Amino acid sequence: MDAVRIESVTKLYAGAGRPALDGLDLAVQRGEVFGFLGPNGAGKTTTIKMILGFFAPTSGSVRVLDGDPQDPATRRRIGYMPEVANYYGYLSACELLAFYGRLCGMAPEAIRRRSGELLELVGLQDAGKKPLRLFSKGMMQRAGIAQALLHDPELLILDEPLTGLDPLARIQLRDIIVMLRKQGRTVFFSSHELSEAELICDRIGILKDGRLCCCGGIAEVAGDGAGNLERIFLRHIQEAKG
Amino acid sequence: MNGMRGSLQRIMALARLAVVDLFRRRDVSVALLLAAVALLPLLAFNFFGVSGVWRYVGEVTLLLVWIFSIAIGLGVAARQFPAEFDSRTIYPLLSKPVRRTEILLGKFLGAFLATASALCLFYVCFLLLLLLKGGGVDPVVVAQAFLFHLLFVMLLTAMAVTGSLILTPSANLTVCALAAAGMLLFGERLAGLAAGLPLASAIPAWAVHALAPHMEFFDLRLRVVHGWPPVEWPASLAVAAYALCYTAALLLLADRLFKRKKL
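A short tour of the structure in this document, coming up. Per chain, residues are indexed from 1 in the order of the written sequence. Each chain gets a letter, beginning with A, and each ligand a number, beginning with 1, in the order they are written. At least 70 in pLDDT is required for a residue's local features to be given in this predicted model, at least 80 for side-chain atom pairs to be given and counted, and no such filter applies to totals for whole chains, interfaces and linings, which use all residues. In computing side-chain values, all of the structure's heavy atoms are included and hydrogens and water are not.

Some details on the sheet that holds strand 9 (residues 211-216) of chain A
All names here are of chain A. Formally: For two strands to count as paired, DSSP must find a minimum of two bridges between them. Put simply, DSSP marks the helices as runs of H or I at least four residues long and the strands as runs of E at least two long, and each gets a number from the N terminus on. Here the axes come from fitting lines to C-alpha atoms, over the contacting stretch only for helices, and the angles between their N-to-C directions go from 0 to 180 degrees.
The 6 strands are arranged 5-6-7-3-8-9 in an open sheet whose pairing can be described as mixed. In this open sheet, the two edge strands, each paired with only one partner strand, are strand 5 (78-81) and strand 9. Averaged over neighbouring strand pairs, the angle between their axes works out to 15° when direction is ignored. The pairing of strand 3 (residues 33-37) with strand 7 (residues 186-191) spans 5 bridges and is parallel. Within strand 7, the position partnered with Val33 by the bridge is Val187.

Structure (structure tokens):
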């Protein structure tokens, strides 16, 4: 059973000349780390928003963890970290996690225990009581990772998770993703950071103009051509253009 | 039953956020400070030795309570959704197992409870001031004025939350403030105005009279200050039903708008 199954999905925004997604087919297997790559405007964020059930596709179907993503019961099993979010500045990191924990229906004791664990995991254990408005961009990203992991999701969706993170935090996030893979969780992340994707992904998919150019393990995607992921990425994008 | 309880817990978690926001921004403290600055001179002196000067103090205080409740209610309610969209926290929020209707109800309830808690503080201050000036008011009328004021706040916050899903924040604040002030000042004259107009002009006037929220129904300041009797209970119930129906209609509209909102 796939963690995410997208079949013949087209998404046309009102007033847009061309579809944001054009007959997209994609399957993400359970327990894998999947890198979703593509240039700006390729349709990565639209795909993520549909996986999260923010809106329905114009045609085609999206199934997540064998359920409908618009059903709250399915979303209870998904964790999501957006690319940018200025979390409520008047709350502390602990209060932010308590708020999201209540929305997920967690018991107060479970929220306290899990918040402590996660703040330590993302390196915010000393900033738990500090108002979020005093957080740097990197600290805000770490708080975002903590809220995404709070309810112990089966599927973690990260939208450009490395944006704004310093090298140490990048290593920490990479370690977290590796740890989640070991626990059998599925991680789906979009990124422009090809070198990071190369390090942690089991498989990648490259999206261009709403279509998937290629999908598979890095060796598989590389085909006969040698080189790092950046070269593979460029080659596929150029082929898609041609 | 569990589903209902879970839904209520999520709505209350969202509502709590608005209350925490209001009190941590110190909006209420600023309003109380401004009121104190405006009222202290009135409290300290009785320039002309007029007897019953407490009525004057009471009237000014209640006017300030109304102005601040409108400012706080609109400020809190109108920023609920725009703040979520601007800071992009709407996305992690929607990714949680929460329905859009629950988010809307949580935001509305939060704005209402935050303003209502500020209103409680204002009424306590009003009563303390009257005690200091030796004034006597009918507790039933004050309680009724407070309850009617709460109904007003409920309607106002529902209007601002709904407006925030259609209009820009500044346009929403302007429209809601004008509607509230306009109806408080001229609402009761609308029917008379419409009756005196020729048919072609009377139709829009009657339409406004029928559709606009009659905020003036909730204003009992004169009854409190001048010691008039309380509003009869059947009339009170009719006013409460009017506020509830109007609020429900606005929230239904807001629910449709939020569900169709492009994200």
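Let's talk about the packing of helix 6 (residues 139-163) of chain B against helix 7 (residues 169-186) of chain B
Residues and elements named next belong to chain B. The test is simple: Each angle is binned into one of four classes, with values under 35 degrees roughly parallel, values over 145 roughly antiparallel, values of 65 to 115 roughly perpendicular, and all other values oblique. When the near helix sits turned anticlockwise from the far one by under a right angle, the crossing is termed left-handed; a clockwise turn instead gives a right-handed crossing. We call two residues contacting when some pair of their heavy atoms lies within 4.5 Å. Gly falls in the polar group here, along with every residue not listed as nonpolar (Ala, Val, Leu, Ile, Met, Phe, Trp, Tyr, Cys, Pro) or charged (Asp, Glu, Lys, Arg).
At a minimum axis distance of 9 Å, the contact between helix 6 and helix 7 shows a crossing angle of 150°. Relative to helix 7, the element helix 6 is oriented roughly antiparallel. Helix 6 and helix 7 meet at a crossing whose hand is right-handed. Contact residues: helix 6 offers Phe152, Leu156, Met159, Ala160 and Gly163, while helix 7 offers Asn172, Cys176, Ala179, Ala180 and Leu184. Split by residue class, the contact of helix 6 with helix 7 holds 8 nonpolar, 2 polar and no charged.

A word on the side chain of Lys11 of chain A
All names here are of chain A. As a reminder, the rule being used: When accessible area is computed with a 1.4 Å probe and restricted to protein chains, residues below 20% of their type maximum are described as buried, those above 50% as exposed, and intermediate ones as partly exposed. In this tally, Lys and Arg are treated as positive and Asp and Glu as negative; His is ignored, and so are the chain termini. We define a salt bridge as a side-chain nitrogen of Lys or Arg found within 4 Å of a carboxyl oxygen belonging to Asp or Glu. N or O atoms closer than or at 3.5 Å make up a polar contact, with two conditions inside protein: a donor-capable atom paired with an acceptor-capable one, and, for residues adjacent in sequence, both atoms drawn from side chains.
Tracing the sequence through the fold places Lys11 in strand 1 (residues 2-11). Asp68 is the oppositely charged side chain nearest to the buried, salt-bridge-free Lys11, at an N-O distance of 13 Å. At 3.3 Å, the side chain of Lys11 and the backbone oxygen of Ala56 are in polar contact. Ignoring any residue separated from it by four or fewer positions in sequence, one finds Lys11 in contact with Pro19, Ala20, Leu21, Thr46, Met50, Phe55, Ala56, Pro57 and Thr58.

Comments concerning the nonpolar core
This is how it is decided: Put simply, a nonpolar core is a bunch of buried Ala, Val, Leu, Ile, Met, Phe, Trp, Tyr and Cys residues held in one set by side-chain atoms that sit within 4.5 Å of each other.
Residues Tyr88, Phe99, Leu132, Phe135, Ile157 and Phe188 of chain A together with Phe218 of chain B are the most contacted members of the largest nonpolar core, which totals 161 residues. Of all the elements, helix 6 of chain B adds the most residues to this core, at 16 residues. Here Phe99 of chain A is in contact with Tyr88 of chain A together with Ala13, Leu14, Leu17 and Leu93 of chain B, once residues within four sequence places are set aside.

Some remarks on the packing of aromatic side chains
Formally: Each Phe, Tyr or Trp ring, with Trp reduced to its six-membered ring, pairs with another whose centre is within 6.5 Å; inter-plane angles below 30 degrees give stacked pairs, above 60 give edge-to-face pairs, and intermediate values give tilted ones. Only Lys NZ and Arg CZ are tested; either one counts as a charge over a ring when it is within 6 Å of the ring centre and within 35 degrees of the ring normal.
All chains considered together, the criterion is met by 18 aromatic pairs over all chains. For the pair Tyr88 of chain A and Tyr90 of chain A, a centre-to-centre distance of 6.1 Å together with 50° between the ring planes defines the contact as tilted. Like Tyr88 of chain A, the residue Tyr90 of chain A is buried in the burial classification. Among the aromatic residues, those joined into a cluster by ring pairs are Tyr87, Tyr88, Tyr90, Phe99 and Tyr100 of chain A. Across from the ring centre of Phe258 of chain B, 5.6 Å away, lies the NZ or CZ of Arg100 of chain B, which sits over that ring. Its end group placed over the ring of Phe85 of chain B, Lys261 of chain B keeps NZ or CZ at 5.2 Å from the ring centre.

Structural notes on the sheet that holds strand 2 (residues 21-29) of chain A
All names here are of chain A. The antiparallel open sheet is built from 3 strands, whose spatial order is 2-1-4. Strands with a single pairing partner mark the edges of an open sheet, and in this sheet they are strand 2 and strand 4 (59-64). Averaged over all pairs of adjacent strands, the angle between their axes in this sheet comes to 10°, without regard to strand direction. Relative to strand 2, strand 1 runs antiparallel, the two sharing 6 bridges. From the neighbouring strand, Arg5 faces strand 2, where its bridge partner is Ala27. Relative to the sheet, helix 1 (residues 44-51) contacts strand 1, strand 2 and strand 4, its axis offset from that of strand 1 by approximately 120°.

Describing the pairing of strand 3 of chain A
Residue and element names in this part refer to chain A. In terms of burial, strand 3 is largely enclosed, as 5 of its 5 residues are buried. Where burial is concerned, the two faces of strand 3 agree: the one with Val33, Gly35 and Leu37 and the one with Phe34 and Phe36 are both buried. In this structure, strand 3 lies alongside strand 8 (residues 203-208), joined through 4 bridges in parallel fashion. The residue of strand 8 that forms the bridge with Phe34 is Arg203.

Observations concerning the interface of chain A and chain B
Where we set the bar: Take the accessible area each of two parts loses on contact, using a 1.4 Å probe, and add the two losses: that sum is the buried area.
On the side of chain B, 24 residues touch chain A, which itself brings 26 residues to the contact. Both faces combined, the contact of chain A with chain B buries some 2,500 Å², and carbon together with sulfur accounts for 62% of it. Among the residues chain A hides against chain B, the three largest losses belong to Phe54, Tyr90 and Leu103 of chain A. Together they make up 28% of the total. Counting across the chain A and chain B interface gives 1 salt bridge. A salt bridge links Arg24 of chain B to Glu95 of chain A, with the shortest nitrogen-to-oxygen separation between them at 2.8 Å.

Some words on the environment of Leu119 of chain B
Residue and element names in this part refer to chain B. The topology assignment puts Leu119 in helix 5 (residues 100-132). A relative accessible area of 0% means that Leu119 is categorised as buried. Through-space distance from the C-alpha of Leu119 to that of Ile72 is 9.3 Å; in sequence the pair is 47 residues apart. Setting aside anything within four residues of it in sequence, one finds Leu119 in contact with Val65, Ser69, Phe146, His149, Leu150 and Val153.

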